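So you can see what is in the structure, the chains are spelled out below.
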Amino acid sequence: MLSGSDTGIGHALAKYLDGLGFVVFAGVLNKDGPGAEELRQTCSQRLSVLQLDITNATQVKEAYLAVSEKVQNAGLWGVVNNAGILGFPADGELLPMSTYRHCMEVNFFGAVEVSKVFLPLLRRSQGRLVNVSSMAGGIPLPRYAAYGASKAALSMFSGVMRQELSKWGIKVAAIHPSGFRTGIQGTAEQWDKQEKELMENLPADTRQAYGEEYLLGLRKYLLQLPSHCAPDLSPVLGAVLHALLARRPQGLYTPGKGAYVPLCIFCCFPLWFYDFF
């Protein structure tokens, strides 16, 4: 069972696992949307599309009941918490509190809710819990205070669950991809709305401190973001597959170019050197 299958990594992962012969339960934010419809048209009959807004406890419970009915006594082998949002990338001081709350609600609390609800099925099969975090969840990256904090919380949750669930044979892995071109980058309409909220809530002294040129440059940074992201998602898909199937999966995967290097520098060198880097 995986969440966030409308677009990006989740969408590609649903197709990938279906192609390998898995029975896939693809949770989507909108079961009538184009992403869900494409999965129905291109995947096998083994794949089931589930309406799953992970911030909606009722939908999470309904998804659990639907999956339970299908797997019966066999249990569920894997849960992949993939659904997530980026939020407008800007300095932490500039971001409105609503962005922090929204990131935590989806990227952390939603994943925790799904994990807690589906764990009885994983316990039955001694299965796998895989949480798709981010490179920003392991190291501090400028302009990702809200997103990074929510993903760091998810990564810490993964580590604790890995320790606590081992007594039932459940293995837990966190995935920290580097920059990949996915649906999380959002649409122009979404960014316009978030940028407007950011600008309207800035105190005058904060706006003056940063300067109009810098604030306008945030939009330029955002537009250039996809060009710095890898279009090939196969490293992430391979990492998730290994986490699901390997006899001894890693606790942490860092797929993508550059994902491991900053983490090593952050862990092994003085903080001033990492900040300079």
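Residues numbered from 1 in each chain as written. Predicted model: local features only at pLDDT ≥ 70, side-chain atom pairs only at ≥ 80, totals over all residues. Heavy atoms only, no water.

1. Digging into the packing of aromatic side chains
Convention followed: Within 6.5 Å between ring centres, the rings of Phe, Tyr and Trp (the latter by its six-membered ring) count as paired, and their orientation is classed by plane angle as stacked under 30 degrees, edge-to-face over 60, tilted in between. Comment: elements are numbered from the N terminus, with helices defined as DSSP H or I runs of at least four residues and strands as E runs of at least two. The rule is simple: take the accessible area with a 1.4 Å probe, protein chains only, and divide by the maximum for that residue type; under 20% is buried, over 50% is exposed, in between is partly exposed.
Following the criterion strictly, the structure yields eight aromatic pairs and no others. Ring geometry for Phe108 against Phe157: centres 6.4 Å apart, planes inclined by 85°, an arrangement best described as edge-to-face. Taken together, the positions of Phe108 in helix H4 (residues 97-125) and Phe157 in helix H5 (residues 145-164) put the pair 49 residues apart, joining distant regions of the chain. Summarising the burial analysis for this pair, Phe108 and Phe157 share the class buried. Centre to centre, the rings of Tyr210 and Tyr214 are 5.7 Å apart; their planes meet at 40°, and the pair counts as tilted. On the accessibility criterion, Tyr214 (30% relative accessible area) is partly exposed.

2. Focus: the packing of helix H3 (residues 57-71) against H4
Note the threshold: All axes are obtained by fitting lines to C-alpha atoms, using only the stretch in contact for helices, and the reported angles, taken between N-to-C directions, cover 0 to 180 degrees. In these notes the angle categories are as follows: under 35 degrees is roughly parallel, over 145 is roughly antiparallel, 65 to 115 is roughly perpendicular, and the rest is oblique. For a crossing to be left-handed, the near helix must be turned anticlockwise from the far one by less than a right angle; the clockwise case is right-handed. Two residues form a contact once any of their heavy atoms are found within 4.5 Å.
Contact geometry of H3 with H4 gives a least axis separation of 10 Å together with a crossing angle of 20°. Classified by the interaxial angle, the pair formed by H3 and H4 is roughly parallel. In this structure, the crossing between H3 and H4 has a hand that is right-handed. Of the residues in H4, those touching H3 at Ala57, Val60, Ala63, Tyr64, Val67, Ser68 and Val71 are Glu113, Val114, Val117, Phe118, Pro120 and Leu121.

3. Digging into the pairing of strand S4 (residues 128-132)
The condition is simple: A pair of strands is treated as paired once DSSP finds two or more bridges between them.
Among the five residues of S4, five are classified as buried, and the element is accordingly described as predominantly covered. Because side chains alternate across S4, one face comprises the buried residues Arg128, Val130 and Val132, and the other comprises Leu129 and Asn131, equally buried. Bridge analysis of strand S3 (residues 78-81) against S4 gives four bridges, and the strand direction is parallel. Paired with Val79 across the bridge in S4 is Leu129.

4. Things to note about the pattern of salt bridges
Between side chains of opposite charge, a pair can form when the charged atoms approach closely. The condition is simple: When a carboxyl oxygen of Asp or Glu lies within 4 Å of a side-chain nitrogen of Lys or Arg, that pair is called a salt bridge.
Enumeration over the complete set of coordinates arrives at five salt bridges. Put simply, Arg46 and Asp18 hold a salt bridge, and the shortest N to O gap is 3.8 Å. You can see Arg46 sitting in the loop between helix H2 (34-42) and strand S2 (48-51) and its partner Asp18 sitting in helix H1 (residues 8-19), a full 28 residues away along the chain. Its relative accessible area of 35% is what places Arg46 among the partly exposed residues. The shortest N-O distance in the salt bridge between Arg207 and Glu212 comes to 3.0 Å. For Arg207, a relative accessible area of 24% puts it in the partly exposed group.

5. A short note on H4
Applicable threshold: A helix is expected to span 1.5 Å multiplied by its residue count minus one. To get the bend at a given residue, fit one axis to the seven residues ending there, fit another to the seven starting there, and take the angle between those axes.
Between the first and last C-alpha of H4 there are 40 Å, a value that for 29 residues agrees with the 42 Å anticipated at 1.5 Å per step. Of all bends in H4, the biggest is about 50°, found at Leu119, and the proline Pro120 comes one to four residues later. Where H4 ends, the next residue or the one after it, Gln126, has phi of about 50°, a positive value.

6. Side note on the state of the cysteines
Structurally, a disulfide amounts to a covalent bond that connects the sulfur atoms of two cysteines. Rules: Cysteine sulfur atoms that come within 2.5 Å of each other are treated as a disulfide pair.
Per the stated rule, a full pass over the model turns up zero disulfides. Free of any disulfide, Cys264 has its nearest cysteine sulfur in Cys268, 5.6 Å distant. According to the relative accessible area criterion, Cys264 is partly exposed, its value standing at 26%. Unpaired in this structure, Cys267 has its nearest cysteine sulfur neighbour in Cys268, at a distance of 5.9 Å.

7. Observations concerning the environment of Glu38
Mapped onto the elements, Glu38 comes out in helix H2. Residue classification places Glu38 among the partly exposed positions, given a relative accessible area of 37%. In this structure, the C-alpha to C-alpha distance between Glu38 and Asp6, residues 32 residues apart in sequence, is 9.0 Å. With residues near it in sequence (within four places) discarded, Glu38 still touches His11 and Lys15.

8. A few points about empty space enclosed by the protein
Summary: where empty space remains is shown by rolling a probe the size of a single water molecule over the atoms. Selection rule: Cavities and pockets are defined on a 1 Å grid built over the protein atoms alone: a cavity is a set of grid points where a 1.4 Å probe fits but cannot escape, while a pocket is an open set with protein on both sides within 12 Å along at least five of seven lines, and lining residues are those with an atom within 4 Å of any such point. Grid points are joined across faces, edges and corners, and a volume is the space filled by probe spheres set on the points. Polar here means any residue other than Ala, Val, Leu, Ile, Met, Phe, Trp, Tyr, Cys and Pro, which are nonpolar, and Asp, Glu, Lys and Arg, which are charged; Gly is therefore polar.
A complete count under the given rule lists one cavity of 30 Å³ or more for this structure. Of the volumes computed, that of the largest cavity is approximately 40 Å³. Forming the boundary of the largest cavity are Leu86, Gly87, Phe88, Pro89, Leu95, Thr99, Cys103, Arg143, Tyr144, Ala146 and Tyr147. Within the residue set of the lining of the largest cavity, elements represented by two or more residues are H4 and H5. Tallied by class, the residues present in the lining of the largest cavity amount to eight nonpolar, two polar and one charged.

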